[in-house]
Amino acid sequence: MKLFQKLLAAGMALTMLLAMTACGGSKGTLVMATNATFPPYEFIEDGKIVGIDAEMAAAIAEKLNMTLEIEDVEFGSIVGGVASGKYDIGVAGMTVDPDRLESVNFSESYATGVQVVIVKEDSAIQSLDDLEGKKIGVQQDTTGDIYSTDDFGEENIVRYNKGADAVQALVSDKIDCVIIDNEPAKSFVQNNAGLKILDSEYAVEDYAIAIAKDNDELLKKVNDALAELKAEGKLQEIIDKYIPAE
Ligand code: ARG
């Protein structure tokens, strides 16, 4: 090796060493995408993203010896961002659905979600049979949006950026009902007078963590960590903290 080659090699080695130290040695970062508008799974409290998904992901990251970093993004951009490798995991009360499975993999399920209908207490809508031709509010790009567009027609669906915005529209009579997951529905109904949830369930689904298709290694690690959290009772503990038994 010529002297300048040796210097170059030494310089490169130093740069790599510095880069590794900057990342905190072997402790890598696990980047999670979510949409923190979805209590009790993810919401903002005192400027921080908290909830079942945030705590579960932190527990998974800890098992993987990684540092969790949470990015709050539009719900509709999570699957694409995970598929492209912008985010490592998508954790957002996200339903395993055939369309999404075309672009990402899902971990084992960690919770069940139910699509329900929120109406005003004095609403004429009493069951799913009464939804025909009614104005239905949804959070854009959620399964509530996808299924109800299929069942009741594009012209009857009003899409909002957040579930809470759809609920405000219902309160001010701009729409007739909101279709959304049961746990956020309970929270929205609790926080707004004059609303109720219909007894009939619209759809039952599984929540899971989205991971890029080409990242089988991470999928395996996340599934192992999830299985441990379930076996230890830790997952249930996190869920019970946010969804107290009735
Ligand atoms: N479970 C529904 C879906 O997967 C809604 C999830 C919305 N999540 C959120 N963090 N806003 O489409």
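Everything here concerns the structure above.
Reading the values: the criteria
- Residues numbered from 1 in each chain as written.
- Predicted model: local features only at pLDDT ≥ 70, side-chain atom pairs only at ≥ 80, totals over all residues.
- Heavy atoms only, no water.
- Helix = DSSP H or I, 4+ residues; strand = E, 2+ residues; numbered from the N terminus.
- Buried < 20%, exposed > 50% of the residue type's maximum accessible area, 1.4 Å probe, protein only.
- Contact = heavy atoms within 4.5 Å.
- Phe/Tyr/Trp six-rings, centres within 6.5 Å; stacked < 30°, edge-to-face > 60°.
- Core = buried A, V, L, I, M, F, W, Y, C linked by side-chain atoms within 4.5 Å.
- Near = heavy atom within 4 Å.
- Polar contact = N/O pair within 3.5 Å; in protein donor to acceptor, adjacent residues only side chain to side chain.
- Areas by Shrake-Rupley, 256 points an atom, 1.4 Å probe, with all protein chains shown as cover.
- Nonpolar A, V, L, I, M, F, W, Y, C, P; charged D, E, K, R; others polar.
- Salt bridge = Lys/Arg side-chain N within 4 Å of Asp/Glu carboxyl O.
- Pairing = 2+ DSSP bridges.
- Axes fitted to C-alpha atoms, helices over the stretch in contact; angles between N-to-C directions.

Asker: Help me understand the overall build of the chain, please; the structure alone is not making it clear to me.
Answerer: Along the chain, the regular secondary structure elements total nine helices and 13 strands. Across the 246 residues that make up the chain, the buried fraction comes to 47%. Relative to all contacts within the chain whose residues are 6 or more apart in sequence, the contacts with residues 24 or more apart total 71%.

Asker: Where do I start with the packing of aromatic side chains in this structure?
Answerer: Each aromatic ring pair is characterised by the separation of its centres together with the angle its planes make. Summed over the entire model, instances satisfying the criterion amount to six aromatic pairs. Judged by centre distance (6.2 Å) and plane angle (80°), the ring pair of Phe43 and Tyr242 falls under edge-to-face. Of the two residues, Phe43 is situated in strand 2 (residues 43-45) and Tyr242 in helix 9 (residues 234-242); the sequence distance between them amounts to 199 residues. The same class applies to Phe43 and to Tyr242, which are both buried. For the pair Phe152 and Tyr202, a centre-to-centre distance of 6.1 Å together with 35° between the ring planes defines the contact as tilted. With Phe152 in helix 5 (residues 143-152) and Tyr202 in the loop between strand 11 (195-197) and strand 12 (203-207), the pair connects residues that are 50 residues apart, well separated along the chain. Residue classification places Phe152 among the buried positions, given a relative accessible area of 11%. You can call Tyr202 buried: its relative accessible area is 15%. An aromatic cluster of three or more residues is present, and its members are Phe38, Tyr41, Tyr110 and Tyr207.

Asker: Help me understand the nonpolar core in this model?
Answerer: Here is a general trend for soluble globular proteins: nonpolar side chains tend to be buried in one another's company. Residues Tyr41, Met56, Ile60, Ile89, Tyr110 and Ile209 are the most contacted members of the largest nonpolar core, which totals 31 residues. Breaking this core down by element, the ones donating at least two residues are strand 1 (29-34), helix 2 (52-63), helix 8 (216-231) and helix 9. Beyond its immediate chain neighbours, meaning those up to four positions away, Ile60 contacts Ile209, Val222, Ala225, Leu226 and Leu229. Counting residues in each nonpolar core, the second largest holds 15 residues, with Val116, Ala166, Val178 and Leu195 among its members.

Asker: Sorry, what's going on with the site of the ligand here?
Answerer: Surrounding the ligand, one finds 16 residues, the nearest of these being Ala92, Gly93, Thr95, Thr143 and Asp181. Here a nitrogen atom of the ligand sits 2.8 Å away from a polar atom, N or O, in the main chain of Ala92. Here an oxygen atom of the ligand and a side-chain polar atom of Arg100 are 2.8 Å apart. Contact with the protein chains removes 100% of the 350 Å² of surface that the ligand exposes when unbound. The residue makeup of the shell around the ligand, split by class, is five nonpolar, seven polar and four charged.

Asker: Can you help me understand the pattern of salt bridges in this one?
Answerer: Charged atoms that come close allow side chains of opposite charge to pair. If you walk through the whole model with that rule in mind, you get 10 salt bridges. A salt bridge links Lys63 to Glu228, with the nearest nitrogen and oxygen atoms 3.1 Å apart. You can see Lys63 sitting in helix 2 and its partner Glu228 sitting in helix 8, a full 165 residues away along the chain. Residue classification places Lys63 among the partly exposed residues on the basis of a relative accessible area of 33%. Among the ionic pairs, Asp224 bridges to Lys220, the shortest N-O distance being 2.7 Å. In this pair, Asp224 and Lys220 are both assigned in helix 8, four residues apart and thus about one turn of the helix distant. Looking at Asp224, the relative accessible area reads 36%, which means it is partly exposed. Beyond isolated ion pairs, a larger network of salt bridges with shared partners links Lys63, Glu228 and Glu232.

Asker: Could you clarify how one ought to interpret the sheet that holds strand 6 (residues 104-106) in this entry?
Answerer: Note: strands within a sheet are paired through backbone hydrogen bonds, in either parallel or antiparallel orientation. The strand order 4-1-5-13-6 describes an open sheet built from five strands, whose pairing is mixed. Every interior strand has two partners, whereas the edge strands, strand 4 (67-72) and strand 6, have only one. Note that strand 1 and strand 4 share six bridges and pair parallel. Note that in strand 4 the partner of Leu30 across the bridge is Leu68. Packed onto the sheet, helix 2 meets strand 1 and strand 4 and runs at close to 150° relative to strand 4.

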